[in-house]
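Inside the fold
What follows is the residue order along each chain.
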Amino acid sequence: MNNKKRVRHMHPIYLSSKLKISAFLLVLPLVREILIRPDGIIGIIAAAGLNTLYSAAVISWTIISYRRFFWRSARDGIRISSGLLRRKWYTVPYDRMRCITFRKGPLSRLLGAVWVSFDTAGKLPFRTDISICLDRRGARSVLGHFSGSKCRAVKYSAKRIMLTALLGSNPFSGLLLIVPAVYETGRIFGISPYGLIGLADSFPLIAADYLSPTARIAAKLMIAGWTASAAIAFFRYFGHRVTGNGASIVARRGLLTKIITVTDRTGISALSFDSTLTTALSGLSSVSIFSVGSGKLRGDRRMLLPLDRRSSGMRNAEMLTGLDLSEEIRADVSPRAVLSYTLAPLLSALMSTSVVLASSLLTGMSFYTTGLLLTIPFAWWCIFRIYACRSSFFATGKDCAVLCSCSGLTLRQLHIPYPAITGITVSQSIFQKRRGLCSISVSVFSEKRESFMIKGLLLREAEPIVSEILKNSTANNKKGNTI
Amino acid sequence: MEKLRENLISDKYSCVRKLRSCATFVLSLAAAIFIWRLSPGVGAAVIIISAMLFIADCFFLTPFWFRSLECCIMPDHIFVRKGVWRKKYIRILFPGIQYCIVSRTPLQRIYGLCTLTILCAGASERIAGLELRDAEKISIASNQAIFPERRNR
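Figured I'd write up the structure that's included with this text. (Residues numbered from 1 in each chain as written. Chains lettered and ligands numbered in written order. Predicted model: local features only at pLDDT ≥ 70, side-chain atom pairs only at ≥ 80, totals over all residues. Heavy atoms only, no water.)

**Regarding the overall build of chain A**
- When you go through chain A residue by residue, the secondary structure sums to 14 helices and 20 strands.
- Out of the 483 residues in chain A, the part that is buried amounts to 43%.
- For chain A, the proportion of contacts with a sequence separation of at least 24, taken over those separated by at least 6, is 59%.
- Per element, the accessible surface of chain A, about 25500 Å² overall, is 64% carbon and sulfur. (Helix = DSSP H or I, 4+ residues; strand = E, 2+ residues; numbered from the N terminus. Buried < 20%, exposed > 50% of the residue type's maximum accessible area, 1.4 Å probe, protein only. Contact = heavy atoms within 4.5 Å. Areas by Shrake-Rupley, 256 points an atom, 1.4 Å probe, with all protein chains shown as cover.)

Here it is in structure tokens:
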């Protein structure tokens, strides 16, 4: 820290993120005492006294730590100095930053603050290298290091975002979000969980008369979860805009919380065209990005382009990344591998059917309800796996190796640039050996040592593709096009 | 090449380790006195075990551990050797280094030492017991690998 004038503290809103727990600890027992035992004044004082002491200690520690945190944007990188007892200081060079995320929530926007996270390929599992809260001026100066001349922007309309939210939402994640909130609210108002189920059942549903009571409640809960999930996704993806800024890709999105993700173009490990069964049958897919440094980004934070027609998604991705995504030599998954693809859903269906049938016999639950609740998810899984088997392939291209396979209930078409490939493993099980099939795993350059797998390829078709990829990969590395 | 190697691990690091084990021993003694009041037998056992561990750490483990440590800056990489039972020889190539974190505890500050964490793509290495100027030297060397144009300055 040579130049003291330039050294800055973080925005004071940073304190609020650290003080959330202590404030909660201070407030919650007080509220509980006041609500449950309004006459227990001694209890209120005791709860307040003990928690005030603890909270005071946490607050003073946070303020001192905040005062001891300094940062400055130097010519070569971000310099950080932090810590009270254990002092530490370091410089993260701009050249090493692969993924930068700017996040502005409603409160931070009001107070002029921006949360910024910097990621490098450095191994700090499950957390970003630097996560700081800056004022607008500081964030602008940091963003200035990554903005070159704008080439082209891809903007998505609200209609398209709505479609993405509706088709890409998962009812279970929605339920996970709403159930605790509804349950806690119900507890506050003195409604039992059974009362809440009754409340859910009172909502109208077409074809409800044809369902048994249990199936009807399950269907209604699923619809509620799906609606909640879609609403959240709509707010999250609203105003999605992607710009190719010279050496980096800048994606902006969000209605309440605005998120800007800057990804280094040279650090792209793979481009993934994701589609579920419904979106695949509609000819739509979304594009997400795997890049060195963005491994710490989870879930939809990786998304580059929302749901769009496959051809236009491909065109936009090519334009933004500068990669040629066409295929040259291609090997499809053999139809003989259908069994290996559908084995997992079939076995799971068999096992759970036997367990639930036994329990229905014991508990007296109707056979129709049990069948309905079980058949739909497993049939969906099985159909998806058959579709995945028919659509999966392995190919070479001009700039990338292409690997299309399923991961969970998503079909992923991965375009992996040759410089990002660190290894290819060809393996054969005893059953595959007999049929002349093989599985191929492609490892990519990433801080999490990520690898993508495809199974059920014919060995004689896969071998020339593997050798072609290795040849291209070696040629790229000799040219110095490594990440 | 081997003769040019200069071990950057400071001799003071051994003292820091011994002081740390002394502090741990004092803490465990305090805990043992507290336990003694509840159950004298368990308290005595805690005192004996902590004393044995203290002697083993201070007089056997720390000298061996310290002797096993080596850190050198080579022209194109950093060489690290450590481990008593399971020896580790690590070569960290400069181009693979993402950045370095220098940290100092109060005890290290008294002795003028620091800990250097080298973050590479896919791995990280922690080197304790370096003098501050040596840690800065490694930091600068890794920076020169990131920004080759600074090499001649």
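**Digging into the overall build of chain B**
- When helices and strands are counted, chain B shows four helices and six strands.
- Start at the N end of chain B and walk to the C end: the helices and strands fall as α-α-β-β-β-β-α-β-β-α.
- In terms of overall dimensions, chain B is more spread out than a globule: its C-alpha atoms have a radius of gyration of 20 Å, far above the 15 Å expected for 153 residues.
- In terms of its C-alpha atoms, chain B occupies a principal-axis envelope of roughly 70 × 30 × 30 Å.
- Within chain B, contacts between residues separated by at least 24 positions form 44% of all contacts whose residues are at least 6 apart in sequence.
- When the accessible area of chain B is evaluated, it comes to approximately 8900 Å², of which 66% is carbon and sulfur surface. (Rg over C-alpha atoms; globule rule 2.2 N^0.38 Å.)

**Some details on the interface of chain B and chain A**
- Facing 28 residues of chain B, the contacting portion of chain A comprises 23 residues.
- Applying the counting rule to chain B against chain A returns zero salt bridges.
- Joining chain B to chain A, the criterion identifies six residue pairs in polar contact (both at pLDDT 80 or more).
- No other element matches the eight residues that strand β4 (residues 97–104) of chain B contributes to the side of chain B that touches chain A.
- Strand direction decides the pairing type here: strand β3 (residues 87–93) of chain A and β4(B), joined by four bridges, are antiparallel. What sits directly across from A:Trp89, in β4(B), is B:Val102. (Salt bridge = Lys/Arg side-chain N within 4 Å of Asp/Glu carboxyl O. Polar contact = N/O pair within 3.5 Å; in protein donor to acceptor, adjacent residues only side chain to side chain. Pairing = 2+ DSSP bridges.)

**Remarks on the packing of helix α5 (residues 158–168) of chain A against helix α8 (residues 213–237) of chain A**
Residues and elements named next belong to chain A.
- At a minimum axis separation of 8 Å, α5 and α8 run at an interaxial angle of 140°. Along this stretch, α5 crosses α8, giving a crossing that reads as right-handed. Of the residues in α8, those in contact with Ala 158, Ile 161, Met 162, Thr 164, Ala 165 and Leu 166 of α5 are Trp 226, Ala 230, Ala 233, Phe 234 and Tyr 237.
- Looking at the contact of α5 with α8 residue by residue, the classes come out as ten nonpolar, one polar and no charged. (Axes fitted to C-alpha atoms, helices over the stretch in contact; angles between N-to-C directions. Left-handed = near helix turned anticlockwise from the far one by under 90°. Nonpolar A, V, L, I, M, F, W, Y, C, P; charged D, E, K, R; others polar.)

**Concerning a positive patch on the surface**
- A grouping of A:Arg86, A:Lys88, B:Arg20 and B:Arg126 is seen on the molecular surface, where their side chains present a positively charged patch.
- Residue B:Arg126 is classed as partly exposed on the basis of its relative accessible area of 47%. (Patch = residues over 30% accessible without salt bridge, like charges linked within 9 Å, V, L, I, M, F, W, Y side chains within 5 Å. Lys, Arg positive; Asp, Glu negative; His and termini not counted. Charge placed at Lys NZ, Arg CZ, Asp CG, Glu CD.)

**Quick word on the packing of helix α1 (residues 12–38) of chain B against helix α2 (residues 40–68) of chain B**
Residues and elements named next belong to chain B.
- One can describe the packing of α1 onto α2 by two numbers: an axis separation of 8 Å at closest approach and a directional angle of 175°. Judged on the interaxial angle alone, α2 and α1 are roughly antiparallel.
- Here the contact of α1 with α2 is built from residues that sort into 18 nonpolar, six polar and three charged. (Parallel < 35°, antiparallel > 145°, perpendicular 65-115°, else oblique.)

**Let's talk about helix α4 (residues 136–144) of chain A**
Residues and elements named next belong to chain A.
- Within α4, the full set of buried residues consists of Gly 138, Ala 139 and Val 142. End-on, the buried residues of α4 take up no more than an arc of 95°, which puts them together on one face. Along α4, exposed side chains directed more than 90 degrees from the buried face belong to Arg 137 and Arg 140. (Arc of directions from axis to C-beta.)

**Overview of the nonpolar core**
Residues and elements named next belong to chain A.
- Core analysis: the largest hydrophobic core is formed by 38 residues, its most contacted members being Phe 394, Ile 416, Ile 440 and Leu 457.
- For Phe 394, the residues in contact, after removing those within four places along its chain, are Ile 329, Arg 330, Ala 331, Val 402, Leu 403, Ile 440, Val 442, Ile 454, Leu 457, Ile 465, Val 466 and Ile 469.
- Judged by nonpolar contacts, the second largest core, of 34 residues, contains Ile 13, Leu 15, Ala 113 and Val 142. (Core = buried A, V, L, I, M, F, W, Y, C linked by side-chain atoms within 4.5 Å.)

**What about the sheet that holds strand β3 (residues 88–93) of chain B?**
Residue and element names in this part refer to chain B.
- Strand order in the open sheet made by the three strands is β1-β2-β3, with antiparallel pairing throughout. Every interior strand has two partners, whereas the edge strands, β1 (70–73) and β3, have only one. Geometrically, the sheet is characterised by an average inter-axis angle of 10° between neighbouring strands, direction not taken into account.
- As paired elements, strand β2 (residues 77–82) and β3 share six bridges and run antiparallel to each other. Residue pairing in the sheet places Phe 79 in a bridge with Arg 91 of β3.

**So, the pattern of salt bridges**
- Per the stated rule, a full pass over the model turns up ten salt bridges over all chains.
- Of the charged contacts in the structure, one is a salt bridge between A:Asp264 and A:Arg98, with a shortest N-O distance of 2.4 Å. You can see A:Asp264 sitting in strand β10 (residues 258–264) and its partner A:Arg98 sitting in the loop between β3 and β4 (99–104), a full 166 residues away along the chain.
- Note on A:Asp264: relative accessible area 16%, which makes it buried.
- For the salt bridge of B:Lys82 with B:Glu125, the shortest nitrogen-to-oxygen distance reads 2.6 Å.

**Describing the packing of aromatic side chains**
- Under the counting rule described, the total for this entry stands at nine aromatic pairs over all chains.
- Note on A:Tyr90 and B:Tyr99: the rings are 5.8 Å apart at their centroids and 25° apart in plane angle, and the pair reads as stacked. Here A:Tyr90 is found in strand β3, whereas its partner B:Tyr99 is found in strand β4 on a different chain. In terms of burial, A:Tyr90 and B:Tyr99 fall into one category: buried.
- Counting every residue linked through ring pairs, the aromatic cluster contains A:Tyr14, A:Tyr66 and A:Trp115.
- Geometry around A:Phe393 places A:Arg330 over its ring, the cationic atom sitting 3.8 Å from the centre. (Phe/Tyr/Trp six-rings, centres within 6.5 Å; stacked < 30°, edge-to-face > 60°. Lys NZ or Arg CZ within 6 Å of the ring centre and 35° of its normal.)

**Topic: the sheet that holds β4(B)**
- Pairing in this open sheet of six strands is antiparallel, and the strands run β1(A)-β2(A)-β3(A)-β4(B)-β5(B)-β6(B) from one edge to the other. Taken across any chain shown, the strands that pair with only one partner, and hence form the sheet edges, are β1 (70–73) of chain A together with β6 (123–131) of chain B. Within the sheet, the average angular offset between the axes of one strand and its neighbour, ignoring direction, is 15°.

**Observations regarding the side chain of B:Ser139**
- Considering the arrangement of structural elements, one finds B:Ser139 in helix α4 (residues 132–146).
- Excluding its chain neighbours within four sequence positions, the residues that come into contact with B:Ser139 are B:Cys100, B:Val102 and B:Leu116.

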